[in-house]
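Summary of the model geometry
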Amino acid sequence: MNVDRLKNDRFLRALRREPVDRTPIWLMRQAGRYLPEYRETRRRAGSFLAMAQNPDIACEITLQPLARFDLDAAILFSDILTIPDAMGLGLYFVEGEGPKFRDPVRDAAAIAKLGVPDMERELRYVMDAVRTIRAELDGKVPLIGFSGSPWTLACYMVEGGGSKDFARIKAIALNDPQALHALLSVNTDAVIAYLSAQRAAGAQALQVFDTWGGVLSPAMYREFSLPYLTRIAAELERGAGVERTPLILFGKGNSAHLEALADCGTDAVGVDWLVELGEAARRTGGKVALQGNLDPAALYGSPEAIRREARRALDSYRDGNAGSREGHVFNLGHGMSPDMDPEHVAVLVDEVHRYSAR
Ligand code: CP3
């Protein structure tokens, strides 16, 4: 139901480690402030939240990068912080400072009050956006739905916004680990319900962003992030065969844990640029597809430098994957930045498709 009529399915095929004609590419934060048309829509709508909460505008923005570039997937325009917002924490944005919560959760009592939001009520605007985008895409490329990881959501919920040292949440991890596990557990239930609802609404692949997993020591990662990612991979209904909705676990700083991630039941692992893609491929041994992992800063290079770096990442993957390009989804190791040149994105997409053509 979710994959019929797709004109370009190389992204889904690569996630299943099937042969493709070229390596597919999409870019994290491919819709955003580096695009003048995004800035124009944002001016009209007034704010980021006003855009994300309006399904027609969210659809318009999702499609903006696809109108410019030959990308192989669309990603829902939304945010990972919709879940804590729907739990009642009160999300708002301060210009230049990023996201904040009016009512962060800082102790066991506040955590005990949290519940899983109703996906077709409090988060209906997200599901409406997915439905609208699927209709507008009309099978051009698959649509990716997403969520934050339980740990990464907990970071924002406890710190009340971005953080440099994650002092508050790490103090809870040390002093009241049971309370933190209670928070991670309700977040996990919410993430599973959220991704399931996006899939039911039409999302054709699902990505979990564990953006802050890499700030944990290996022991703490194994206690506070990995088990919850594993539970998501185990419990999320994904279907079977070509109808299976693949799950990608992306983590910044996850390279110490690649073997564990490859064994946790996910279809694909997204890696940052601090690990050689070939090494990641060798260490995961074909158990999962890999997504990544060009340093986003490569886009500050000249067109020649961008092409060279793209070829290097493609070759690194092939060399670590027994000489085959199968099972690779090209992406950046993290998201695009507002000061990047859209022309450079066109160069990158062209080189990945040109050089990887079979
Ligand atoms: O990839 C995409 O194109 C889809 C859209 C998307 C956004 N946020 C849009 C957005 C996705 C997948 C996210 C996920 C997200 N949000 C993450 C995980 C991925 C990552 O980048 O690590 C995190 C940690 C957040 C939390 C968040 N939301 C932050 C830190 C910010 C501020 C960013 C900044 O540079 O000011 C946001 C706001 C946000 N989410 C913007 C966009 C395009 C910028 C909004 C604006 O000012 O116009």
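Residues numbered from 1 in each chain as written. Predicted model: local features only at pLDDT ≥ 70, side-chain atom pairs only at ≥ 80, totals over all residues. Heavy atoms only, no water.

**Concerning the overall build of the protein**
Keep this limit in mind: Strands are runs of DSSP state E lasting at least two residues, helices are runs of H or I lasting at least four, and both sets are numbered from the N terminus onward. Using C-alpha atoms as the atom set, the radius of gyration is obtained and then compared with a globule rule of 2.2 Å times the number of residues to the power 0.38. Any residue under 20% of the maximum accessible area for its type is buried, any over 50% is exposed, and the rest in between are partly exposed; the area is computed with a 1.4 Å probe on protein chains only. By definition, residues are in contact when any of their heavy atoms lie within 4.5 Å. Only the protein chains shown count as cover for residues, and all accessible areas are computed by the Shrake-Rupley method using a 1.4 Å probe.
For the protein, the count of helices and strands is 16 helices and nine strands. For a compact globule of 358 residues, the expected C-alpha radius of gyration is about 21 Å, and the protein comes in at 19 Å, within 12% of that figure. Each principal axis of the C-alpha distribution contributes one length, and for the protein these read about 55 × 45 × 40 Å. The buried share of the protein, taken over its 358 residues, is 57%. Across the protein, every contact between residues at least 6 apart in sequence was considered, and the portion connecting residues at least 24 apart equals 72%. Summed over its atoms, the accessible surface of the protein is roughly 13900 Å², and 49% of this surface lies on carbon and sulfur atoms.

**Thoughts on the pattern of salt bridges**
What counts, and what does not: Think of a salt bridge as a Lys or Arg side-chain nitrogen and an Asp or Glu carboxyl oxygen that are within 4 Å of each other.
For the coordinates displayed, the defined rule picks out 33 salt bridges. Where R43 meets E40, a salt bridge forms, and the shortest distance between an N and an O atom there is 2.6 Å. Taken together, the residues R43 and E40, both in helix α2 (residues 36–45) and three residues apart, mark about one turn of the helix. Residue class for R43 comes out exposed when judged on its relative accessible area of 61%. Where D118 meets R121, a salt bridge forms, and the shortest distance between an N and an O atom there is 3.5 Å. Judged by its relative accessible area of 31%, D118 falls in the partly exposed class. Here R121 falls in the exposed class, since its relative accessible area comes to 60%. Linked by salt bridges that have partners in common, R307, R311, D350, E351 and R354 make up one network.

**Description of the sheet that holds strand β7 (residues 268–270)**
Stated formally: In short, DSSP must find at least two bridges between two strands for them to pair.
Taken together, the seven strands give an open sheet; going across it, the order is β1-β4-β5-β6-β7-β8-β9, and neighbouring strands pair in parallel fashion. Only two strands of the sheet have a single neighbouring strand rather than two, namely β1 (74–75) and β9 (328–332). Note: strand β6 (residues 247–251) against β7, three bridges, orientation parallel. Across the sheet, residue I248 finds its bridge partner in β7, namely A268.

**Details of the site of the ligand**
Test applied: Here a residue is considered near a molecule or strand provided that any single heavy atom belonging to it is located within 4 Å of it. Whenever two N or O atoms come within 3.5 Å, that pair is a polar contact, provided that in protein one can donate a hydrogen and the other can accept it, and provided that, for residues adjacent in sequence, both atoms are side-chain atoms. A 1.4 Å probe that fits but cannot get out identifies a cavity on a 1 Å grid over protein atoms alone, an open set with protein on both sides within 12 Å along at least five of seven lines counts as a pocket, and a residue lines either if it has an atom within 4 Å of a point. Occupancy of a cavity or pocket is assigned to a molecule whenever over half of its atoms lie within 2 Å of that pocket's grid points.
Around the ligand, a shell composed of 22 residues is seen, among which R29, R33, Y38, R42 and D79 lie nearest. Between the ligand and the protein, one listed contact pairs an oxygen atom with a side-chain N or O atom of R33 at 2.4 Å. With respect to the ligand, the side chain of H334 contributes an N or O atom lying 2.7 Å from an oxygen atom. For the ligand, whose accessible area on its own is 880 Å², the fraction buried by protein is 87%. Structurally, the ligand is housed in the largest pocket.

**Some details on the nonpolar core**
Applicable threshold: In these notes, a set of buried Ala, Val, Leu, Ile, Met, Phe, Trp, Tyr and Cys residues joined through side-chain atoms within 4.5 Å is what counts as a nonpolar core.
By size, the foremost hydrophobic cluster in this structure holds 127 residues, and its most contacted members are F11, L183 and L348. At 12 residues, helix α10 (residues 177–201) tops the list of elements feeding residues into this core. Ignoring anything within four residues of it in the chain, the contact list for L183 reads V105, I111, L114, A154, M157 and V158.

**Considering the side chain of T284**
On the secondary structure map, T284 appears in helix α14 (residues 277–284). At 2.7 Å, the side chain of T284 forms a polar contact with the backbone oxygen of A280. Setting aside anything within four residues of it in sequence, one finds T284 in contact with L258, A262 and L290.

**Observations concerning the packing of aromatic side chains**
Given two aromatic rings, one states the distance between the centres and the angle between the planes to describe the pair. Cut-off, in case you're wondering: In summary, the pairing rule links any two rings of Phe, Tyr or Trp, Trp by its six-membered ring, whose centres are within 6.5 Å, and it sorts them by plane angle into stacked for under 30 degrees, edge-to-face for over 60 and tilted for everything else.
Under the defined criterion, the tally for this structure stands at six aromatic pairs. Judged by centre distance (5.5 Å) and plane angle (85°), the ring pair of F146 and F209 falls under edge-to-face. Highlighted residues: F146 in strand β4 (residues 143–148) and F209 in strand β5 (residues 205–210), separated in sequence by 63 residues. The same class applies to F146 and to F209, which are both buried. With centroids separated by 5.2 Å and ring planes inclined at 50°, the aromatic side chains of F166 and W212 adopt a geometry described as tilted. In this pair, F166 sits in the loop between α8 (150–159) and α9 (167–175) while W212 sits in the loop between β5 and α11 (218–224), placing the two residues 46 residues apart along the sequence. Connected via pairs of aromatic rings, a cluster forms that spans Y38, F48, F77 and F93.

**Looking at the state of the cysteines**
We apply this condition: Here, a disulfide means two cysteine sulfur atoms that sit within 2.5 Å of each other.
Going through the model one piece at a time under the given rule, you end up with zero disulfides. C264 provides the cysteine sulfur closest to C155, a residue in no disulfide bond, and the two sulfurs are 18 Å apart. Look at C264 and you get buried, because its relative accessible area is 7%.

**Some words on empty space enclosed by the protein**
Just so we agree on the cut-off: Grid points are joined across faces, edges and corners, and a volume is the space filled by probe spheres set on the points. Here the nonpolar group is Ala, Val, Leu, Ile, Met, Phe, Trp, Tyr, Cys and Pro; Asp, Glu, Lys and Arg are the charged ones; every other residue, Gly included, is treated as polar.
Applying the stated rule across the entire model yields one cavity of 30 Å³ or more. Here the largest cavity is characterised by a volume of approximately 30 Å³. Lining the largest cavity are C155, Y156, E159, G161, G162, S163, F166 and W212. In the lining of the largest cavity, the residues fall into four nonpolar, three polar and one charged.

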